[in-house]
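# Summary of the model geometry
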Amino acid sequence: MIGGLNGDAASQARLLRAIVPIVTAFYRRRMQHGQSDIDDLVQETLIAVHTRRATYDPERPFGGWLFAIARYKMIDHFRKSGRTCTIEGLEDILVAEGFEDSSGARMDIDRLLDDLPTKQSDAIRATRIEGLSTAEAAARQNIGESDIKVSVHRGLKALAARIRGE
Amino acid sequence: MTVNTDQLIEALVRDTPPVPRRAVGRRLVAGIAAGALGTFLLVALWLGFNPDLATAIRHYSFWMKWGYTLSLGACAVAATARLARPDGDAAGWLWVMALPVLALAAIGVFEMSHVPSAQWLAMWLGQSWSICSARVFLLSLPIFGGLLWSFRSLAPTRLRAAGATAGLTAGAWAATLYCLHCPEVSAIFVLTWYTLGIGMAASVGAFVGPRLLRW
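The notes below deal with the structure included here. Here the structure is a predicted model, which means the values were calculated and not measured.

## Notes on the overall build of chain B
The helix and strand tally for chain B stands at ten helices and zero strands. Taken from the N to the C terminus, the helices and strands of chain B come in the order α-α-α-α-α-α-α-α-α-α. Referenced to the eigenvectors of the C-alpha coordinate spread, the extents of chain B come out at roughly 75 × 35 × 30 Å. Relative to its full complement of 215 residues, chain B shows a buried share of 43%. For chain B, long-range pairs separated by at least 24 residues make up 88% of all intrachain contacts whose partners lie at least 6 apart in sequence.

Encoded structure:
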């Protein structure tokens, strides 16, 4: 970056090439869009990094500067595409939002189960989430079937109490 | 994809002039200076200088006014320079700005304690309260335009905040130049009507920032 600021085209090119995978990963983690959208955003970010490199302060971390630009370009992209959002894309959007809800719910469940003793949470995961039978779960955890049933029962009771805020 | 990323990088770096030190500050100062020249000409040709400027300049109230508008202007430029960078945050400078406001308020209370309360209203309204704020606002427009030019090569990411500080900067420097015309002398006049004009400029800046500062 410093080389680029001093007018060294070769080091500026090295910098831009090094940025490409970082920024691509940044967008891929945050967006459920097609590859072409992400490519466009990466290129826009490269252009901004190059043409507005004067706004980089060498005394501050480079990463913060780069990701601030990347984030701005992403928000700008959402704003633009939000304004011209077509009705044909609606199904995709709904699917994506359903995905977000379900992954959010999955995270909540994981967090709740983590609070239970391992034996109970394993039994609940096996029988209620993965859909194994009591016998299969018992075989996998090397404990008796009645033990599984009791663990599930106690675990669910504890979860219900926790959700009711007791 | 329309252009290959490698080709794009090749094309970009073909144009890599060195960036001067303090490039952001220079760019802002250039924009403000160009705009301030326009504002100065407006004061000179449209409003005219205060005919008593030579005596006014020896009086403390002129320096009180300049001290107020110049310190606001300096803080506003510092805040704008922070927000012109993508990772900038200007909250600190906006707190510093409370100091001149409080200082002027203290002077205002001190002045009022030395005159009978029957004159307070006259002190507060002066002769030009109804036009002062609007003039400060109008005079801020050339400087705001200059700042918009500056921002074309900068990278603000918080557009509303950047627009507001740009408006604040324009308003404070416009008020500084308006002092060359304005004959008012009381602190509470300045505190109310100058600040109102500067605040109007900042509000309009915040309003148009997201539209005009996009990049």
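## Quick notes on the overall build of chain A
Within chain A, the regular secondary structure consists of eight helices and zero strands. Listing each helix as α and each strand as β along chain A from the N terminus yields α-α-α-α-α-α-α-α. By the burial criterion, 23% of the 166 residues in chain A qualify as buried. Of the contacts formed within chain A by residues at least 6 apart in sequence, a portion of 52% connects residues at least 24 apart.

## So, helix 6 (residues 98-112) of chain B
Spanning 15 residues, helix 6 of chain B covers 21 Å between terminal C-alpha atoms, matching the ideal 21 Å at 1.5 Å per step. Buried residues in helix 6 of chain B make contact with helix 4 (60-83) and helix 10 (187-212) of chain B.

## What to know about the nonpolar core
One recurring pattern in soluble globular proteins: nonpolar side chains tend to sit buried together. With 75 residues, the main nonpolar core has Val 136, Ala 174, Tyr 178 and Ile 198 of chain B as its most contacted residues. Apart from residues lying up to four places away in sequence, Val 136 of chain B is in contact with Gly 171, Ala 174, Ala 175, Tyr 178, Tyr 194, Gly 197 and Ile 198 of chain B.

## Focus on the interface of chain A and chain B
Interfaces are often described in size by the accessible area the parts lose on coming together. Contacts between chain A and chain B engage 30 residues on the former and 22 residues on the latter. Broken down by secondary-structure element, the contributors of at least two residues to the side of chain A that touches chain B are helix 1 (2-5), helix 2 (9-30), helix 3 (35-51) and helix 4 (62-83) of chain A. Among the elements that line the side of chain A that touches chain B, the one with the most residues is helix 3 of chain A, at eight residues. Across the side of chain A that touches chain B, the residue classes break down as 14 nonpolar, nine polar and seven charged.

Basis of the calculations
- Residues numbered from 1 in each chain as written.
- Chains lettered and ligands numbered in written order.
- Predicted model: local features only at pLDDT ≥ 70, side-chain atom pairs only at ≥ 80, totals over all residues.
- Helix = DSSP H or I, 4+ residues; strand = E, 2+ residues; numbered from the N terminus.
- Buried ≥ 20, exposed ≤ 12 C-beta atoms within 10 Å, placed from the backbone.
- Contact = placed C-beta atoms within 7 Å.
- Expected span 1.5 Å × (residues − 1).
- Core = buried A, V, L, I, M, F, W, Y, C linked by C-beta atoms within 7 Å.
- Nonpolar A, V, L, I, M, F, W, Y, C, P; charged D, E, K, R; others polar.

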